[in-house]
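Descriptive analysis of the structure
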Number of protein chains: 2
Amino acid sequence: MKHLIAVALALGFASAAYAQQVAAPLTPITAAQQRTVDRLQAAALESNHAYEIAESLVTEVGPRMAASEAEARARDWAVAVLRANGFENVRIEPFTIPYWDALREEVHIVSTPGAQPLVAAALGGSPSTPTNGLEAEVVRFPNLAALEAAPNNAVAGRIVFIDEPMTRTQDGSGYGVAVAKRGRCAPVAQAKGAVGCLIRSVGTDPHRFAHQGGSSRQPAGTSLPAMAISPADADILARLVARGPTRVRMLIEADIRENAPSGNVIAEIRGRARPNEIVLLAAHLDSWDMGQGAIDDGAGVAIITAAARLIRQLPRRPSRTIRILLAGSEENGVHGGAAYAREHAGETHVVALESDFGAGRVWRFDTRFAENAMPHARAFRRALAPLGVGPGNNEATGGADVGALRQAGVPVVDLQQDGWDYFDVHHTPNDTLNMIEPAALRQNVAAWATFVYLAADNDWTFRPE
Amino acid sequence: MKHLIAVALALGFASAAYAQQVAAPLTPITAAQQRTVDRLQAAALESNHAYEIAESLVTEVGPRMAASEAEARARDWAVAVLRANGFENVRIEPFTIPYWDALREEVHIVSTPGAQPLVAAALGGSPSTPTNGLEAEVVRFPNLAALEAAPNNAVAGRIVFIDEPMTRTQDGSGYGVAVAKRGRCAPVAQAKGAVGCLIRSVGTDPHRFAHQGGSSRQPAGTSLPAMAISPADADILARLVARGPTRVRMLIEADIRENAPSGNVIAEIRGRARPNEIVLLAAHLDSWDMGQGAIDDGAGVAIITAAARLIRQLPRRPSRTIRILLAGSEENGVHGGAAYAREHAGETHVVALESDFGAGRVWRFDTRFAENAMPHARAFRRALAPLGVGPGNNEATGGADVGALRQAGVPVVDLQQDGWDYFDVHHTPNDTLNMIEPAALRQNVAAWATFVYLAADNDWTFRPE
């Protein structure tokens, strides 16, 4: 009964939202544009082109750490694929970054009972430990706040273990909460005299994978070795700490190099009438290296490339320029997005959006438009509705690689993907091609083609007038 | 409609089977025995004792390869646990075996495109490769039969890759088919001149784990390095081989030692009236080392120990002796089971059974009894029915560790567990405590306590009269 009431309420709200949407002002699109949208959606839902792109990247390049030799191969792959798909002005825009990779990353419980190896990943940017590792007693905190509240003498000389779990959410909002411990463990623990940091992996799965991830927002001077352990290993450690004093050895051998070469790959469909007005589509080329970088972010690379290609194949190119940005070095500090924003600050970006949340279906359309542009937002929503995309809010972030543009005032949108399962796989060895559902990928391409075509083939603006 | 018909048919069959069972001769049990069975089942379904035993083994010992130092710690753990639970004649029966472990086990695709590391596990018993690995072009076969049918010149000088998938089944029967490639790849490929063997892991999951496993039934003289790769890596390799010549480097550093110490741990509840008649309960202590040995076979150790303990706590001990065998070195050749059979060949084993199929619920009761004992089988079935255990067949195997006894004529039963998910986890890093469902473990204990009590507190025999 409770269930029926909940359903009735949900339907009520949905109807109200729908009525509002229908009643609100809406920028009309032409009958010809609607026919084009219908054609794009039908073509996208029939084509496996995006899946083939993801397959090619994963198979022919594989994992590709920021500024690695493999990332360079990924750029060459991207140039070839973008040219083969008929885009213009295909080019690499190089930049350099501090390179980081872990050559060894091991954690062992060394006290008895319970001496055993744990499954671990060094956090991006972590320094090396001494060659034979560092060994200390573990002090466990249920969450970051508990560490922050702890007196120094509870922490000094120990390895801090933050055992905070992550909440599963459809929109990925659990990540923002959980990821705080990844960046904050080392600086907070170091200030209290700790010798190392372990965190329960930032993820929602039950599998024995450690989730990789950067801790790039650390203040200068942070020098504490930091690692993530798998959920089952966090369980083991928590149980042993509850039994009595438990000692752990952490070992990291990090490969750290300054000024390592990375780069962005750019491609365009030049606009028919307003070529200097740019609709920017972003995804990133680099990946963590325990997985294959299939959902993060082979899927995004595939979605935006396949969507733009459908538009390129239209009889008439859109009014504005559509630009693809395949960013380098996103994972360890969003370097590609920052380099792009520096390089292209003087250009007119009409709107920017990014695909970097896996291969789940688009379920919601969010904008960050000026109030005067909301009728355009409603036009996009109406066009996206047949794909099962519902109305969202006006608080879109645009994603990491377009974050610098957003901060510079560029309007952004989010084609929000269903992220229910995303953090099961995110930054783990399980980020493999078989985690991509081809039908969901097709729906993404349809949604992207719809939005990008309408944004590029109109004179709508989304900034304050 | 089809669905409804199928349900009706299924119900029809079920009713027929039930009617047959009810009508068939059935050895009666006394009202006092039925009360004891009821009490045992209620106690089992309320107690987390088995889960606590599994938790203790996984947490305090962890992975424990056959004849390793960790397996020795597991024996000490078992002796302490069995004594603490009030069993008698707790002892270690030592034996020695050839020790094998892999210190390094790596596979890389080294040709372009596609150069990348694969997730791999050396197969138990595999020799080492040369120190820098062995490199050759890969030849793929969709299954073992295709390799067997291949001409030598298609195989000579190459690394054979058997890409055969495994079928998911509730009773585990898919394993028997799929595991053939694990044992047969090396000898068959070697006879045709291959230099190495790769197999798609024997498992049913989509996760990026290689499944470990022995290849102990190889003919003498087999010396081909052999490894399993994860499903996602098998996919990558298959796709690259389809694109063109693909070269792989295999690297194994095996630690091989003769006469390494292992052993069985034995404990008893001595029989009240017929102490020389033994009901044997087996599970194994050792495990593969990428996981924690939780479902294989921490769960079995926990189930049989908890079930026997419930019987020990009864006001009156059963007529016959109940003996627990926690076997050593099962995984790499069933050495513990063989040693037990040799050591105890002269004793009277009334019936033997093993728990070595994870922590899934018992769904079926199979026997291997003489025809004259079928009324006893039906008595067991009636007693097990309230736990959701259905009737099975008279072709029980008893399991690996009691295989030698079965071959010597000892009657066996199988409390068949639901194995639908078992091979998702089996022999992988994912074999961790969180894969055990506590409620299912309790149901196992209830089923075991029921069978073992009735077998031990009667004078029923299961051999031909």
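Residues numbered from 1 in each chain as written. Chains lettered and ligands numbered in written order. Predicted model: local features only at pLDDT ≥ 70, side-chain atom pairs only at ≥ 80, totals over all residues. Heavy atoms only, no water.

Quick look at empty space enclosed by the protein
Residue and element names in this part refer to chain B.
- Counted according to the given criterion, the structure contains six cavities of 30 Å³ or more.
- Considering only enclosed or pocket space, the largest cavity measures out at about 60 Å³ in volume.
- Around the largest cavity sit Ala 44, Ser 47, His 49, Ala 50, Ala 306, Arg 309, Leu 310, Leu 441, Arg 442 and Val 445, which together line it.
- Only α3 (49-60), α9 (294-312) and α14 (438-456) provide two or more residues apiece to the lining of the largest cavity.
- Taken together, the residues of the lining of the largest cavity sort by class into six nonpolar, two polar and two charged. (1 Å grid on protein atoms, 1.4 Å probe; cavity = no way out; pocket = protein on both sides within 12 Å on 5 of 7 lines; lining within 4 Å. Points joined across faces, edges and corners; volume = space filled by probe spheres on them. Helix = DSSP H or I, 4+ residues; strand = E, 2+ residues; numbered from the N terminus. Nonpolar A, V, L, I, M, F, W, Y, C, P; charged D, E, K, R; others polar.)

Describing the interface of chain B and chain A
- Counting from both sides, the interface comprises 34 residues of chain B and, opposite them, 34 residues of chain A.
- Around 2600 Å² of area is buried between chain B and chain A when both sides are counted, 47% of it from carbon and sulfur atoms.
- When the area that chain B buries against chain A is broken down by residue, the three leading residues are Thr59(B), Arg208(B) and Arg239(B), summing to 22%.
- Where chain B packs against chain A, one counts six salt bridges.
- For the salt bridge of Arg243(B) with Glu60(A), the shortest nitrogen-to-oxygen distance reads 2.7 Å. (Contact = heavy atoms within 4.5 Å. Buried area = accessible area lost by both parts, 1.4 Å probe. Salt bridge = Lys/Arg side-chain N within 4 Å of Asp/Glu carboxyl O.)

Re the relation of the copies chain B and chain A
- The two copies are related by a screw motion: chain B maps onto chain A through a turn of 180 degrees and a shift of 0.0 Å along the axis, at an RMSD of 0.0 Å. Read as a symmetry element, the transformation amounts to a two-fold axis. For chain B, the residue whose C-alpha comes nearest the rotation axis is His207(B), separated from it by 4.4 Å.
- Interface overlap between copies: 100% of the residues of chain B at the interface are likewise at the interface in chain A, consistent with a symmetric, same-surface contact. (Least-squares fit on C-alpha atoms with pLDDT ≥ 70 in both.)

As for the state of the cysteines
Residues and elements named next belong to chain A.
- In total, this model carries two disulfides over all chains according to the counting rule given.
- Linked covalently through their sulfurs, Cys 185 and Cys 197 form a disulfide whose S-S length is 2.1 Å. Across the S-S bond linking Cys 185 and Cys 197, the dihedral sits near -95 degrees, which makes this disulfide left-handed. In this pair, Cys 185 is assigned in helix α7 (residues 180-191) and Cys 197 in strand β6 (residues 196-200), connecting sequence segments twelve residues apart. The same class applies to Cys 185 as to Cys 197, namely buried. (Disulfide = S-S within 2.5 Å. Buried < 20%, exposed > 50% of the residue type's maximum accessible area, 1.4 Å probe, protein only.)

Focus on the environment of Val452(A)
Residue and element names in this part refer to chain A.
- By the element assignment, Val 452 lies in helix α14 (residues 438-456).
- Once the C-alpha coordinates of Val 452 and Ala 189 are considered, the two residues, 263 residues apart in sequence, prove to be 46 Å apart.
- In this view, Val 452 contacts Val 279, Leu 281, Ile 311 and Ile 322; residues no more than four positions away in its chain are not counted.

Looking at the environment of Phe161(B)
Residues and elements named next belong to chain B.
- Relative to the helices and strands, Phe 161 resides in strand β5 (residues 159-162).
- Between the alpha carbons of Phe 161 and Ile 266 there is a distance of 42 Å; along the sequence they are 105 residues apart.
- The contact partners of Phe 161, leaving out residues within four places of it in the chain, are Val 138, Val 139, Arg 140, Phe 141, Leu 198, Ile 199, Arg 200, Ile 229, Ala 234, Leu 237 and Ala 238.

Observations regarding unusual backbone geometry
Residue and element names in this part refer to chain A.
- Omega for the peptide link from Thr 112 to Pro 113 comes to 0 degrees, which places this bond in the cis form.
- As for its position among the elements, Pro 113 is in the loop between β1 (88-109) and β2 (116-118).
- For the peptide bond that leads from Asp 296 to Asp 297, omega is 10 degrees, which places it in the cis range.
- Looking at the element boundaries, Asp 297 is found in helix α9 (residues 294-312).
- Phi is positive for Ser 329, which is not a glycine, with a value near 50 degrees.
- Within the fold, Ser 329 resides in the loop between β10 (320-327) and α10 (335-343).
- Ser 329 gets classed as buried once you look at its relative accessible area, which sits at 0%.
- At Val 334, a residue that is not glycine, the phi angle is positive and equals roughly 55 degrees.
- With respect to the helices and strands, Val 334 occurs in the loop between β10 and α10.

Read these as layout, nothing more, since geometry by itself doesn't imply function.
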